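Chain and residue survey
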Amino acid sequence: MDLPTLATEALRKGIQLIGTGDCLHPKWLREIRALEKRDGGFFYKPAGEIGENITTTFVLTVEVEDTRRVHHLLIVPSISKAEELYESFRKYSPDIDSDGRPSLRLNGAEIAEHAKDAEALIGPCHAFTPWTALYAYHDSLKACYGDMAGYIPFVELGLSADSSYADRIGELHDLTFLTNSDAHSPYPIRLAREFNRFHMEEMSFEELKAAIKRERGRKPVLNVGFPPQEGKYNESACIRCYTHYSLTEAITRRWRCRCSGLIKKGVRDRVNELADCDGTHPEHRPPYLHLIPLAEVTGLALHKSPSSKAVQKIWEALLAEFDDEVTVLIDAPIDSILGAHFDFNSDAHERVVEAIKAFREGKVRILPGGGGKYGVIELRTGTREEVKELEVKQEPERGKMKQRSLLDF
Ligand SMILES: [Zn+2]
Ligand SMILES: [Zn+2]
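So, how was this worked out
- Residues numbered from 1 in each chain as written.
- Chains lettered and ligands numbered in written order.
- Predicted model: local features only at pLDDT ≥ 70, side-chain atom pairs only at ≥ 80, totals over all residues.
- Heavy atoms only, no water.
- Helix = DSSP H or I, 4+ residues; strand = E, 2+ residues; numbered from the N terminus.
- Buried < 20%, exposed > 50% of the residue type's maximum accessible area, 1.4 Å probe, protein only.
- Contact = heavy atoms within 4.5 Å.
- Areas by Shrake-Rupley, 256 points an atom, 1.4 Å probe, with all protein chains shown as cover.
- Pairing = 2+ DSSP bridges.
- Expected span 1.5 Å × (residues − 1).
- Donors = N, O, S within 2.8 Å, 3.2 Å for Na, K, Ca; no water.
- Tetrahedral: all angles 85-135°; square planar, octahedral: opposite > 155°, others 65-115°.
- Polar contact = N/O pair within 3.5 Å; in protein donor to acceptor, adjacent residues only side chain to side chain.
- Lys, Arg positive; Asp, Glu negative; His and termini not counted.
- Salt bridge = Lys/Arg side-chain N within 4 Å of Asp/Glu carboxyl O.

Some thoughts on the overall build of the protein chain
Each helix and strand in the protein chain was counted, giving 16 helices and 15 strands. A buried classification covers 55% of the 409 residues belonging to the protein chain. Sequence-distant contacts in the protein chain: of pairs separated by 6 or more residues, those separated by 24 or more amount to 67%. With the model as given, the accessible surface of the protein chain reaches about 18,700 Å², and the carbon-plus-sulfur share is 48%.

If you want it as structure tokens, here you go:
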């Protein structure tokens, strides 16, 4: 996850602007400082075959944890502001020099005050997950941010929720939804597994800020992310054996599994509790595109792990032909993918095209994630009999089901 790797891999995924993460960490900040700088953006131009004028822009970001263990995402305008924030947080943090995501002895409102002083944007991240998240410990933005609630321009939805979940909560209607990938590794199934598309005039902090705040015609135009069921905390489930429970069942059992493990409330149930409206989207809300990483789709087609050599080879070949994942998954005509010449065998070629087609047609079946385990995806390709057989095979008790998706790693 060094900056050159991030820059190179981001471009291969079709991402132009990426958060640095961890921007208060002194050593990480030193590396960021070494990048070429312009307008609050930091550039890195990967060497090699990627086009002459293409660069990846970084914007300074960091997650911090408050006293209630809520995580906040800060988007910081400049190195000097990051240094200012580091100084002002340092006296409240035992681990700011060692942890990229420092824990602060400050509450949400106090952190928002500091962010405001540094002209940084702040909002809750992975807001609905049952750990370290705003709605895990609070029932409203106000409860977390107090009088600073009005300063919060965005909420980051996390992998287990999408706009249809979040817009059932009235207080979120005015906020911009961010769908960030929160990647902890640069592999193609992690980096940019979720992303946002904004209308901006150039790659800079100021433009991003305007887009998030929907000012001067800048705005988000698309959220892209996992189907929420694929997230690790979509349904309520035991964190030890992953047995899923309905909300009533979990309450009756006092959140204890029959294995005596803890049942963690799923995002779906939490949103149902908080919902105070019918989920009609406000006018400004962009569409939400559910995307499964291309390496995952390819892996499903070949019954191989998304990180296997075979899948990697096909992924590279598809990208060499069509530039980026979104083009392959969404935009390129199926016939042109089928007609393209690749140096892998024609059977694999056909199966991959079949899988992409199934994905586009929504023939996706997901066993929801829960208790910290990602959901499992099946693409319904093949004959009806095969699909039926697949369904029968997939029906065993969820808690006992073996993880099949590589997203588990
Ligand atoms: Zn976090
Ligand atoms: Zn259990």
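Once you've had a look at it, read on.
Here we look at the pairing of strand β5 (residues 71-76)
Summarising burial for β5: 6 of the 6 residues are buried, a large majority. The alternating pattern of β5 places His 71, Leu 73 and Ile 75 on one face and His 72, Leu 74 and Val 76 on the opposite face, and all of these are buried. With 6 bridges connecting them, strand β4 (residues 56-65) and β5 associate as antiparallel partners. Looking at β5, one finds that Glu 63 is bridged to Leu 73. Hairpin connection from β4 to β5: 5 residues lie between these consecutive antiparallel strands, with Arg 69 at a positive phi of about 75°. Pairing geometry for β5 and strand β6 (residues 121-124), over 4 bridges, is antiparallel. Bridge pairing in β6 places His 72 opposite Pro 124.

Notes on helix α12 (residues 309-322)
Between its terminal C-alpha atoms α12 stretches 20 Å, which fits the 20 Å expected from 14 residues at 1.5 Å a residue. Among the residues of α12, Val 311, Ile 314, Trp 315, Ala 317, Leu 318, Leu 319 and Phe 322 are the ones counted as buried. For α12, the secondary structure elements touched by its buried residues are α1 (3-13), α11 (294-302), α13 (325-331), α14 (334-339) and α15 (346-360). Among the residues trailing α12, Asp 323 stands out with phi positive, at a value near 75°.

Details of the coordination of the zinc ion (ligand 1)
Metal coordination angles in their ideal form are 109.5 degrees for the four-donor tetrahedron and 90 or 180 degrees for the six-donor octahedron. Taken together, the protein ligands of the zinc ion (ligand 1) are Glu 63 (OE), His 71 (ND1) and His 126 (NE2), with distances of 1.9 to 2.1 Å. All donors of the zinc ion (ligand 1) come from a single chain, and their spacing in sequence reads E-x7-H-x54-H. Here Glu 63, found in strand β4, pairs with His 126, found in the loop between β6 and α5 (134-137); they are 63 residues apart in sequence, far enough to count as distant. Its relative accessible area of 10% is what places His 126 among the buried residues.

Quick notes on the coordination of the zinc ion (ligand 2)
Bound to the zinc ion (ligand 2) are the protein donor atoms Cys 238 (SG), Cys 241 (SG), Cys 257 (SG) and Cys 259 (SG), situated 2.3 Å from the metal. Between the 4 donor atoms coordinating the zinc ion (ligand 2), the angles at the centre fall across 104 to 115°, so the site counts as tetrahedral. Look at where the donors of the zinc ion (ligand 2) fall in the sequence and you get C-x2-C-x15-C-x1-C. With a gap of 21 residues between them, Cys 238 in strand β11 (residues 237-238) and Cys 259 in the loop between α9 (247-252) and β12 (263-264) connect regions that are remote in the sequence.

A few points about α15
For α15, spanning 15 residues, the distance from its first C-alpha to its last is 21 Å, which sits close to the expected 21 Å at 1.5 Å a residue. Within the sequence span of α15, burial applies to Ala 348, His 349, Val 352, Val 353, Ala 355, Ile 356, Ala 358 and Phe 359. The N-cap of α15, judged by a side-chain oxygen 3.0 Å from the amide nitrogen of Asp 347 a few residues on, is Asn 345. In the segment just after α15, Gly 362 is the residue with positive phi, at about 75°.

Considerations on the side chain of His 138
In this fold, His 138 is placed in the loop between α5 and α6 (141-145). Contacts of His 138, omitting those with residues within four sequence positions, involve Arg 68, Val 70, Ala 143, Cys 144 and Arg 270.

Concerning the side chain of Lys 264
With respect to the element layout, Lys 264 can be found in strand β12. No salt bridge is formed by the buried Lys 264; the nearest opposite charge belongs to Glu 273, separated by 12 Å. From its side chain, Lys 264 meets the backbone oxygen of Pro 130 in a polar contact 3.5 Å long. Leaving out residues up to four positions away in the same chain, Lys 264 has contacts with Pro 130, Trp 131, Glu 235, Ser 236, Ala 237, Ile 239 and Trp 255.

Comments concerning the pattern of salt bridges
All told, the structure shown has 21 salt bridges when counted by the stated rule. The residue Glu 65 makes a salt bridge to Arg 69 at a minimum N-O spacing of 3.4 Å. On the accessibility criterion, Glu 65 (8% relative accessible area) is buried. A salt bridge links Arg 351 to Asp 347; the shortest N-O distance between them is 2.8 Å. You can see Arg 351 and its partner Asp 347 sitting in helix α15, 4 residues apart, about one turn around the helix.

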